[in-house]
Amino acid sequence: MTRATLDKQPHEVASMFDDVAANYDLTNDVLSLGQDRRWRREVARAVDARPAQRVLDLAAGTGTSSLPFTRAGAYVVPCDFSLGMLREGKRRHPWLPLTAGDATRLPFADGVFDAVTVSFGLRNVQDTDRALRELYRVTKPGGRVVICEFSHPTWAPFRTVYEEYLMRALPPVARAVSSNPDAYVYLAESIQSWPDQPGLAARLQGAGWARVAWRNLSGGIVALHRGTKPR
């Protein structure tokens, strides 16, 4: 088994996710107390996929996050750099066009997607700014980006309780339900080291995205960032 370090070497992160692929969705459901389902519904509403639109679902893992877009009639491309995740996704959803790809060097032409989205994956990319620029590159003028990522609770007492859960309660729960509990120690550490809501908004703007805004979910445990590529 393996866990990644916070310098986020791509081979370490990919190998770690390969190890947890089989039980990844179940483990997330348990560790989030079922909140991940609500967060993904909010992502689907924000992306607002329409029939015949093209949607890139980056860091899609097993493809679970892509299903709402297909149900809306959009053509969705689930993309991930963990081959273990993609193999598990192909076993579950053989009709999805699961694609191997690195967020910092996306295997797509310029301006091909109406919407691009990342849920709980941008935090694991070694070069966040480069990934945001790549998302911008492959998006059509007037297209949109939606990023759902763990963030920082806005109420200080709740933030303290949440951080205690991350570092004390999460590892033993992960040991009970995950094939690689050490991976979830890395995930907890990566959440704590991630930029806050204004910090990520500034990075989106730096990559060229306009009309950047965010909305807190579950008190700021998760933040939903949005932006538009200027026409």
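So, on to the pairing of strand E5 (residues 139-150). Successive residues of a regular strand alternate their side chains across the two faces of the sheet. Where strand E4 (residues 113-119) meets E5, six bridges bridge the pair, whose relative direction is parallel. In the sheet register, serine 119 faces E5, and the bridge partner there is cysteine 148. Crossover E4 to E5 through helix H6 (residues 128-138) is right-handed. The pairing of E5 with strand E7 (residues 222-228) spans seven bridges and is antiparallel. Paired with cysteine 148 across the strands is leucine 224, a residue of E7.

Let us look at the nonpolar core. By size, the foremost hydrophobic cluster in this structure holds 31 residues, and its most contacted members are Trp39, Val47, Val55, Phe150 and Val222. Counting residues per element, this core draws most heavily on helix H8 (residues 181-192), at six residues. Non-local contacts of valine 55, meaning those with residues more than four positions away in its chain, are made with Val47, Ala49, Phe69, Ala74, Tyr75, Val76, Val77, Phe113, Ala115 and Thr117.

Conventions we followed
- Residues numbered from 1 in each chain as written.
- Predicted model: local features only at pLDDT ≥ 70, side-chain atom pairs only at ≥ 80, totals over all residues.
- Heavy atoms only, no water.
- Pairing = 2+ DSSP bridges.
- Helix = DSSP H or I, 4+ residues; strand = E, 2+ residues; numbered from the N terminus.
- Right-handed = clockwise from strand over helix to strand, strands pointing away.
- Core = buried A, V, L, I, M, F, W, Y, C linked by side-chain atoms within 4.5 Å.
- Buried < 20%, exposed > 50% of the residue type's maximum accessible area, 1.4 Å probe, protein only.
- Contact = heavy atoms within 4.5 Å.

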